[in-house]
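# Topology and contacts: notes
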Amino acid sequence: MSRMGDVLAGFHAAWEFESDSVLIRYERGIRAPKLFQALGERRVPLEAIAGVTLTRGKRGTVVLRMEPRPGADPLMEAAAGQLKESGDPYRLVLPADREVLAEYYADELRALLTESGPADRFLVKPPEGPMSFKAYDGKATFDGRTVNFRWFWTGASSAKWKAGDQSFSVGELNGVEWRSPEVFEGHLRLLQRDAGTAGVQADQDPAAVVFGLGYGPVHESLPFAAAVLAAVRTSSPVAAVPAPRRDPADIAERIRHLGELHQAGLVTDEEFSAKKAELLSEL
């Protein structure tokens, strides 16, 4: 790199070039993609970059893009190719009259890259917690160690109400499945060790929350998924921690709602009795 601290500013982001990394600062203005606003800034080590491209963009622009190595960035791993081009955090869009300057920095970066192929660990720092977001059928929270799903009265299926609110230690998990809220059947599913979810719809799976219009937007749910995925990759399997005692008023409300499901024929007599006993045992 020609000079440490050089900055190349584009639309909605600026790249600051260092000797061993590129610091990306994202614009926080209302016109910037919400994902960029949520990310704030990210430091990308050169060892996490496989290549650099420069292409013509739309409406008199050029696009400089770093190609992250597979497995190097938890955000891109969680996204699994589902991000729209405008929300790609590795793209820097510049006016076409800065093409020569962009080509210069592209060449400088390429000369410093020495790694290629899949990375054996995450090299880009994941989003930091604690984190939370509202899905259609529940609220998801993550404190760095445990993921909690708390179901909403109006959105959760009877299957999830029967199962009750869920708590997952990262040591119990094997991965995360994120399906963008911008597509049909978007959801966030936690992949449990030794537990198959093949064929189970997300709205029936207590290890998943489903998205809907205005629920679980990309800029909230994707960083959440990336943070959980990074924690899972660095954790060891652990025994599940017993759930804490619950508020008696909360238990009473859940029993009342369970009774409504029972009266509506959505819960059998046996299921009602078993779940009621389970809830009472948490007092």
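Here is a short report on the structure shown in this document.

### What to know about the packing of aromatic side chains
If you walk through the whole model with that rule in mind, you get 11 aromatic pairs. Ring geometry for tryptophan 15 and phenylalanine 17: centres 6.4 Å apart, planes at 75°, overall edge-to-face. Taken as a pair, tryptophan 15 and phenylalanine 17 share a single burial class, namely buried. One aromatic cluster is present, formed by Trp15, Phe17, Tyr104 and Tyr105 through successive ring pairs.

### Some details on the nonpolar core
Counting 68 residues, the largest nonpolar core has Trp15, Leu188, Phe224 and Val228 as its most contacted members. No other element matches helix 5 (residues 218-233), which puts 11 residues into this core. Beyond its immediate stretch of four places on either side in the chain, phenylalanine 224 contacts Met131, Ser132, Phe133, Ala140, Thr141, Phe142, Val147 and Leu188.

### Focus: the pattern of salt bridges
Enumeration according to the criterion identifies 17 salt bridges in this entry. Notably, a salt bridge pairs glutamate 16 with arginine 25, separated by 2.5 Å at the nearest N-O pair. With relative accessibility at 15%, the residue glutamate 16 sits in the buried group. With a shortest N-O distance of 2.6 Å, glutamate 128 and lysine 125 are connected by a salt bridge. Classification of glutamate 128 as exposed rests on a relative accessible area of 55%. Using a relative accessible area of 56% as the deciding quantity, one classes lysine 125 as exposed. Residues participating in the shared-partner salt-bridge network are Glu177, Arg179, Arg189 and Asp205.

### Things to note about the sheet that holds strand 6 (residues 61-68)
Reading across from one edge, 5-6-7 is the order of the 3 strands in this open sheet, with antiparallel pairing throughout. The open sheet has two free edges, formed respectively by strand 5 (49-56) and strand 7 (91-95), since each of these has just one partner strand. For this sheet, the mean inter-axis angle between neighbouring strands, taken without regard to orientation, is 15°. Pairing of strand 6 with strand 7, which is carried by 5 bridges, proceeds in the antiparallel orientation. From the neighbouring strand, valine 62 faces strand 7, where its bridge partner is leucine 94. Seen against the sheet, helix 3 (residues 99-112) touches strand 5, strand 6 and strand 7 and runs at an angle of roughly 165° to strand 5.

### Overview of the side chain of arginine 65
Here arginine 65 shows up in strand 6. Using a relative accessible area of 17% as the deciding quantity, one classes arginine 65 as buried. At 2.6 Å, the side chain of arginine 65 and the side chain of aspartate 88 are in polar contact.

### A closer look at unusual backbone geometry
In this structure, histidine 12 is a non-glycine residue whose phi angle is positive, near 75°. Tracing the backbone shows histidine 12 in the loop between strand 1 (6-9) and strand 2 (13-17). For histidine 12, a relative accessible area of 24% puts it in the partly exposed group. A positive phi angle, close to 50°, is found at alanine 80, a residue other than glycine. Tracing the backbone shows alanine 80 in the loop between helix 2 (74-79) and strand 7. Looking at alanine 80, the relative accessible area reads 52%, which means it is exposed.

### Details of the environment of valine 7
By secondary structure assignment, the location of valine 7 is in strand 1. Judged by its relative accessible area of 46%, valine 7 falls in the partly exposed class. As a C-alpha pair, valine 7 and glutamate 18 span 11 residues in sequence and 9.5 Å in three-dimensional space. When near neighbours in sequence (up to four residues on either side) are disregarded, valine 7 contacts Ala14, Trp15 and Glu16.

### Quick notes on the pairing of strand 5
In terms of strand pairing, strand 5 meets strand 6 through 7 bridges, oriented antiparallel. When the sheet's bridge partners are listed, leucine 54 is paired in strand 6 with leucine 64. Once strand 5 ends, the chain turns through 4 residues before running back antiparallel as strand 6, passing arginine 59 with a positive phi of about 50°.

Conventions used here
Along each chain, residue indices are assigned from 1 in the same order as the chain's sequence is written. Per-residue local features are limited, in this predicted model, to residues with pLDDT of at least 70; the limit for side-chain atom pairs, both in listing and counting, is 80 or more; totals at the level of whole chains, interfaces and linings are taken over all residues. Where side-chain values are given, they derive from all heavy atoms of the structure, hydrogens and water being excluded. Ring pairs are drawn from Phe, Tyr and Trp, using the six-membered ring of Trp, whenever the two centres fall within 6.5 Å, and their geometry is named by plane angle: stacked under 30 degrees, edge-to-face over 60, tilted for the rest. Residue exposure (1.4 Å probe, protein chains only): buried if accessible area is under 20% of the type maximum, exposed if over 50%, otherwise partly exposed. Grouping buried Ala, Val, Leu, Ile, Met, Phe, Trp, Tyr and Cys residues that are joined through side-chain atoms within 4.5 Å yields what is termed a nonpolar core. By the criteria applied, helices consist of DSSP H or I runs no shorter than four residues and strands consist of E runs no shorter than two, each listed in order from the N terminus. Contacts: residue pairs with any heavy atoms within 4.5 Å of one another. One speaks of a salt bridge when a side-chain nitrogen belonging to Lys or Arg is within 4 Å of a carboxyl oxygen belonging to Asp or Glu. For two strands to count as paired, DSSP must find a minimum of two bridges between them. Angles here are taken between N-to-C directions and fall from 0 to 180 degrees, while the axes themselves are lines fitted to C-alpha atoms, restricted in helices to the stretch in contact. Identification of polar contacts relies on pairs of N or O atoms within 3.5 Å, with a donor-acceptor requirement for protein atoms, meaning one able to donate a hydrogen and the other able to accept it, and with residues adjacent in sequence counted only if both atoms are side-chain atoms.

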